[in-house]
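Residue strings, one per chain:
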Amino acid sequence: MNNIILKAKGISKSFPGKQIIKNGELTILKGDRIGLVGWNGEGKTTFFQMLLGQVEPDEGEIVYESDHPQIGYLPQAVVQSREGDLWSNEFARQLSRFGLQQEALESLDMEHASGGEKVKLALSAILQKNPELLLLDEPTNHLDAKGMQWLEEQLSSYAGAVLLISHDRYFLDQTVNEIVELNKGKLTVYTGTYSDYAAKKREERQHHQKAYDKQQKHIGEIQSQIDHLSRWAAKAHREQGKKGFAAEIKMKESDGVRKEKRSAGTIQNEAP
Ligand SMILES: Nc1ncnc2c1ncn2[C@@H]1O[C@H](COP(=O)(O)OP(=O)(O)O)[C@@H](O)[C@H]1O
Ligand SMILES: [Mg+2]
C-alpha cells in the first residue's frame, strides 16, 4: 500500500531580493510528525502556502497522491492578528477552503474568545473533519501551559500526518519525530526529535569551530613565518646595502689603480 501523502519536488521560490527556498525536496507520509523550524522571515509560512497551492513555486512541483487531499490548515495570521474582524474574513476563508463550513464557523462563539481559545476552537473544528494532513503554523503562540498540554493530547490521539511550525523546543519534543530546517533557502531533513536535531547542530557547530580554530592556528603559523622571513629579508637587504657600498668603494679604488697602470703603459694587448 502506498503511504505517501505528498512530494515536494525541486521547489524553488524567490521574492524580490529574497530567495525563500532553493531546490527543496520533502516527502510527507501518512502519520508523519514533522516540525518545520527556521528563523523568522526564512519562508516557513510561504512554504506552507506552496503546499496549499496558494503560492506558486517558481520551479518544481508539489504532487499529492490523492486527487482531493484532505488538509486541515491553521494559519499563522489568526494567532498573530490583534484585529477582531480578521476572524470572520481571512481565517474563515482559510478554514472553509480547507474543510470547515461557514455555518460551523458561525456557530462558534469567536467574538469573545481569546487568542488561545480561538486556536482551540479552530483546531477542534479542523480535527472533527479528520483530515489526512494537518498544517499548523505556530499554533502555540497564544497558548498557555494548559492549552499546550491540550494541543499535545489532541495531536497524540489524531492519526493523520502533522507538519507544524514552532519555535518551542519542549512542544516540538513532545509532538514530532522529524525536523525539517529551512535555513538560507536550504531545506534539510533531520530524523529524530528536536533535541536530537539540536545536538546534531551543536556537533556541526563544534566541528566548524574546530576546523576554524585549526585554520586560524595555521594562518598564525604562516604569518609568523612571513614575519620571520621579512625581518630576515630586511636585515639581508641592509647588509647587502653595506656590502654594496663597500664593493663600490673597492671598485673605484681598483679603477683608479687600473687607470694609473694604463697611463703608465704597463697593460699590453688589452682588448679595446
Ligand atoms: N507575497 C510576498 N511578497 C513579497 N515578499 C513576501 C511575500 N510573502 C512573504 N514575503 C517575504 O518573504 C520572507 C519569508 O516570509 P514568511 O514565509 O512569512 O517567513 P516565516 O514564516 O519563516 O517567518 C519574508 O522576508 C517576507 O517579508
Ligand atoms: Mg511565518
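Residues numbered from 1 in each chain as written. Chains lettered and ligands numbered in written order. Predicted model: local features only at pLDDT ≥ 70, side-chain atom pairs only at ≥ 80, totals over all residues.

> Mind laying out the sheet that holds strand β4 (residues 59-64), listing which residues take part and the relevant values?
The 3 strands lie next to each other as β2-β1-β4, forming an open sheet whose pairing is antiparallel. The open sheet terminates on both sides in strands that have one partner only, identified here as β2 (18-29) and β4. Ignoring strand direction, the axes of neighbouring strands in this sheet form an average angle of 15°. Judged from the 8 bridges that link them, strand β1 (residues 4-15) and β2 form a sheet pairing that is antiparallel. Residue pairing in the sheet places Lys-13 in a bridge with Ile-21 of β2. Here helix α1 (residues 44-51) sits on the sheet in contact with β1, β2 and β4, set at roughly 125° to β1. (Pairing = 2+ DSSP bridges. Helix = DSSP H or I, 4+ residues; strand = E, 2+ residues; numbered from the N terminus. Axes fitted to C-alpha atoms, helices over the stretch in contact; angles between N-to-C directions. Contact = placed C-beta atoms within 7 Å.)

> Pulling in residues and values, what's your account of the environment of Ile-34?
Here Ile-34 shows up in strand β3 (residues 33-37). Residue classification places Ile-34 among the partly exposed residues on the basis of 18 C-beta atoms within 10 Å. Spatially, the C-alpha atom of Ile-34 lies 4.8 Å from that of Leu-163, the residues being 129 residues apart in sequence. When near neighbours in sequence (up to four residues on either side) are disregarded, Ile-34 contacts Ile-28, Val-162, Leu-163, Val-176, Glu-178 and Val-180. (Buried ≥ 20, exposed ≤ 12 C-beta atoms within 10 Å, placed from the backbone.)

> An account of the site of ligand 1 is requested, with residue identities and associated values reported.
By nearness alone, every residue bordering ligand 1 is listed as Phe-15, Lys-18, Ile-20, Gly-38, Asn-40, Gly-41, Glu-42, Gly-43, Lys-44, Thr-45 and Thr-46. Taken together, the elements giving at least two residues each to the shell around ligand 1 come down to β2 and α1. Taken together, the residues that form the shell around ligand 1 break down as 2 nonpolar, 6 polar and 3 charged. (Near = placed C-beta within 6 Å. Nonpolar A, V, L, I, M, F, W, Y, C, P; charged D, E, K, R; others polar.)

> With reference to specific residues and values, describe the sheet that holds strand β7 (residues 161-165).
In a beta sheet, neighbouring strands are held together by backbone hydrogen bonds and run either parallel or antiparallel to one another. Overall, mixed pairing links the 6 strands, which are arranged β5-β6-β7-β3-β8-β9 in an open sheet. Two strands in the sheet have a free side with no partner beyond their single neighbour: β5 (71-74) and β9 (186-191). Going from strand to strand, the sheet's axes swing by 15° on average, the running direction of each strand aside. Note: β3 against β7, 4 bridges, orientation parallel. Residue Arg-33 lies in a different strand from β7, and its bridge partner there is Val-162.

Nothing here speaks to function; it is geometry throughout.
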